[in-house]
Amino acid sequence: MADVIVSNVPGSFPWGVLHERHPALIARVRDATPYGPGRREALDALLGEIDGAIGPLAPGAADRGVWEAWGSEKYVGRPWDEVPFLWAESYFYRRLLDAVGYFGPGPWRGIDPFAPFKAAELDGLAPPVAGLEEQALLHASLWGNRADLGFRISAGEAGLGERVTGLVADDSAGLWAVLDRGAPGRLCVVADNAGPELLPDLLLADQLLAAHRVSEVLLHVKPYPYYVSDATPADVIACLRRAGEAGKRLWQAMADGRLIVRAHPFSCAPLPYQDMPDDLRADFGSATLTIMKGDLNYRRLVGDRHWAATTPYATVTGYFPGPVAALRTLKSEVVVGLDEATVAALDAGGQSWRTAGTHALIQV
């Protein structure tokens with residue numbers, strides 16, 4: 001088993017997220033909403049904590065027991081960069097919500113601190129193009145993941161690079177083959193980002209339902225704001241209103257029960273999907289295919305570890321209760337399922353291909 005990734009190597013990708021991206025995000029959240037002195041002091045305290053020890057959740061937090069089961073009893077009090085990167089990154093966002101009063105009493109309860117960023121991205125989108133073929137919609141869904149807001153905070157617009165036309169792995173034929181196996185069934189889509197990614201995800205779902213490639217789409221989103229731009233139920237509604245005729249059809253599909261939105265607590269867990277609870281396992285097990293969108297879901301699917309890039313995808317996803325596809329733009333170091341020639345060619349150009357958002361994959 002490969003070693004778990006931590007953030008204690010200066011200059012590494014995880015170290016940069018912890019020490020550069022997270023402070024920049026705190027500053028952006030602080031400036032985007034007119035929080036009062038108490039909320040600003042809490043944000044400043046979280047900022048000051050990053051170079052020190054992990055602090056506890058707010059007193060009386062309703063999910064304290066859940067987070068204890070997820071590891072907080074073991075990790076609170078330790079330096080941020082000494083605990084598993086996946087856990088530290090996830091817990092940071094939970095603590096950020098504490099700092100802005102998302103779960104507490106008061107005027108900021110339930111107010112998404114990332115909403116100004118999400119709204120700006122959605123408002124800047126061009127109207128959806130009608131009549132795209134399924135493969136084009138699949139690629140739109142894939143590349144919609146290319147530049148989430150968290151990635152932009154650290155990379156900047158100039159750091160996004162040019163989108164490559166070739167994928168480091170492309171099993172789109174296998175994806176369609178799974179969907180075409182037998183009668184139309186349930187498709188699970190585990191969403192990642194709102195706005196520019198969620199919109200093409202929904203357009204793909206509309207096309208698959210209209211073409212009777214699937215009979216039902218089960219869309220998993222986050223139950224609360226997470227990782228800057230991750231999709232919540234409110235973001236689904238915002239995208240449906242933006243999606244023109246497809247949005248109207250999907251609105252009706254929700255009323256008919258053909259498009260079902262789930263917001264499972266484990267979607268915000270700091271753990272790999274290998275540790276998923278039984279009810280979520282049953283959801284995925286009932287699907288003809290589950291599509292995992294994005295970088296974070298990929299890390300949770302294969303395990304946030306120092307895998308060799310040639311480790312077979314099927315080896316690290318064999319625990320999954322049904323066929324599972326990954327649609328992911330590469331924005332972190334974890335990758336599996338590549339052939340040796342591809343890895344050698346990519347490595348010859350430096351390691352940035354793993355984290356720059358310029359490469360992508362479709363694996364089944």
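Heads up: the structure comes first, above all this text.
Residues numbered from 1 in each chain as written. Predicted model: local features only at pLDDT ≥ 70, side-chain atom pairs only at ≥ 80, totals over all residues. Heavy atoms only, no water.

**Comments concerning the packing of helix α10 (residues 198-210) against helix α11 (residues 233-242)**
Part 1: Where α10 meets α11, the axes come as close as 10 Å, and the angle between the chain directions of the two elements is 70°. Taken as axis vectors, α10 and α11 run roughly perpendicular relative to one another. The handedness of the crossing between α10 and α11 is right-handed. Along the contact surface, α10 presents Leu 198, Leu 199 and Leu 202, while α11 presents Asp 235, Val 236, Cys 239, Leu 240 and Arg 242.
Part 2: Classifying every residue of the contact of α10 with α11 gives six nonpolar, no polar and two charged. (Axes fitted to C-alpha atoms, helices over the stretch in contact; angles between N-to-C directions. Helix = DSSP H or I, 4+ residues; strand = E, 2+ residues; numbered from the N terminus. Parallel < 35°, antiparallel > 145°, perpendicular 65-115°, else oblique. Left-handed = near helix turned anticlockwise from the far one by under 90°. Contact = heavy atoms within 4.5 Å. Nonpolar A, V, L, I, M, F, W, Y, C, P; charged D, E, K, R; others polar.)

**Describing the pattern of salt bridges**
Oppositely charged side chains are able to pair whenever their charged atoms sit close together.
Part 1: The final tally for this structure, using the stated rule, is 20 salt bridges.
Part 2: One salt bridge in this structure joins Glu 89 and Arg 299, with 2.9 Å as the shortest N-O distance. A residue pair is termed long-range when its members are at least 10 positions apart, and Glu 89 in helix α5 (residues 85-99) and Arg 299 in helix α14 (residues 294-302) qualify at 210 residues.
Part 3: The closest approach of N and O atoms between Arg 186 and Asp 283, which form a salt bridge, is 3.8 Å. Taken together, the residues span a long stretch of sequence, with Arg 186 in strand β2 (residues 186-190) and Asp 283 in helix α13 (residues 278-285) at a distance of 97 residues. When sorted by exposure, Arg 186 lands in the same class as Asp 283, which is buried.
Part 4: One connected set of salt bridges, linked through shared partners, spans Arg 186, Glu 216, Arg 262 and Asp 283. (Salt bridge = Lys/Arg side-chain N within 4 Å of Asp/Glu carboxyl O. Buried < 20%, exposed > 50% of the residue type's maximum accessible area, 1.4 Å probe, protein only.)

**Considerations on unusual backbone geometry**
Part 1: One non-glycine residue, His 212, adopts positive backbone phi at about 60°.
Part 2: Here His 212 shows up in the loop between α10 and β3 (216-220).
Part 3: What makes His 212 exposed here is its relative accessible area of 59%.
Part 4: Phi at Tyr 227 takes a positive value of approximately 50°, unusual for a residue other than glycine.
Part 5: Relative to the assigned elements, Tyr 227 resides in the loop between β3 and α11.

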